Amino acid sequence: MRKTFVALDGMLLRSDRGGMATGRDHLYYSGKHTRHGVNAQFIADLAGRLIWVFPALPGARYDRGTARDHSLIVVLDTAEFRVVADSAYRGASVNVELQ
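Owing to the predicted nature of the structure, the values given are computational and were not obtained by experimental measurement.

A. Quick peek at the overall build of the protein. A count of helices and strands for the protein gives two helices and seven strands. Counting from the amino terminus, helix and strand elements in the protein follow one another as β-β-β-β-β-α-α-β-β. Buried residues in the protein amount to 31% of all 99 residues. For the protein, the share of sequence-separated contacts (at least 6 apart) that also reach a separation of at least 24 residues comes to 49%. Carbon and sulfur atoms form 55% of the exposed surface of the protein, whose accessible area is close to 6500 Å².

Laid out in structure tokens, this is it:
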């Protein structure tokens, strides 16, 4: 069954300071959340059922940058899905409707 609308969002998954031994823990620090973690992007249908979770990236990445790194917007545009997302994805695509 093909879904017309999907929801795209990301969240910071809190974690210990990854990369502390190498001095690269700043990559995992989210200034928005003021804590260390990783940014995970996910796609769900509008009933809230999880469709896909993408590999997490360091928490210093913003949602739109993380989605771009995983080519999410391009893939969703190619599949002609309409995407509902929050303002973090502003300007990502004409198929992204901000909520």
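B. Main features of the confidence of the model for the protein. Taken as a whole, the protein shows an average pLDDT of 81; of its residues, 88% reach a score of 70 or greater. Across the protein, the element-wise mean pLDDT spans from 79 in strand β2 (residues 29-30) up to 91 in strand β4 (residues 50-53).

C. Expanded view of unusual backbone geometry. Despite not being glycine, S71 has its phi angle at roughly 60°, a positive value. With respect to the helices and strands, S71 occurs in the loop between α1 (63-69) and α2 (72-78). Residue classification places S71 among the partly exposed residues on the basis of a relative accessible area of 37%. In this model, E80 sits at a positive phi of 60°, which is unusual for a non-glycine residue. Tracing the backbone shows E80 in the loop between α2 and β6 (82-85).

D. Representation of the layout of surface pockets. Of the pockets and cavities examined, the largest pocket occupies roughly 230 Å³. Around the largest pocket, the lining comprises 15 residues; the ones closest to its centre are S30, K32, H33, R61 and Y62. Of all the elements in the fold, those that place two or more residues in the lining of the largest pocket are β1 (5-14) and β2. For the lining of the largest pocket, the element with the most residues is β1, which contributes three residues. When grouped by side-chain class, the residues that make up the lining of the largest pocket number six nonpolar, six polar and three charged. Counted as a void, the second largest pocket has a volume near 150 Å³. Lining of the second largest pocket is provided by V6, I43, I51, W52, F54, H70, S71, L72, V75, L76 and F81. In terms of residue class, the lining of the second largest pocket is made up of nine nonpolar, two polar and no charged.

Calculation rules
- Residues numbered from 1 in each chain as written.
- Predicted model: local features only at pLDDT ≥ 70, side-chain atom pairs only at ≥ 80, totals over all residues.
- Heavy atoms only, no water.
- Helix = DSSP H or I, 4+ residues; strand = E, 2+ residues; numbered from the N terminus.
- Buried < 20%, exposed > 50% of the residue type's maximum accessible area, 1.4 Å probe, protein only.
- Contact = heavy atoms within 4.5 Å.
- Areas by Shrake-Rupley, 256 points an atom, 1.4 Å probe, with all protein chains shown as cover.
- pLDDT = per-residue confidence, 0-100.
- 1 Å grid on protein atoms, 1.4 Å probe; cavity = no way out; pocket = protein on both sides within 12 Å on 5 of 7 lines; lining within 4 Å.
- Points joined across faces, edges and corners; volume = space filled by probe spheres on them.
- Nonpolar A, V, L, I, M, F, W, Y, C, P; charged D, E, K, R; others polar.

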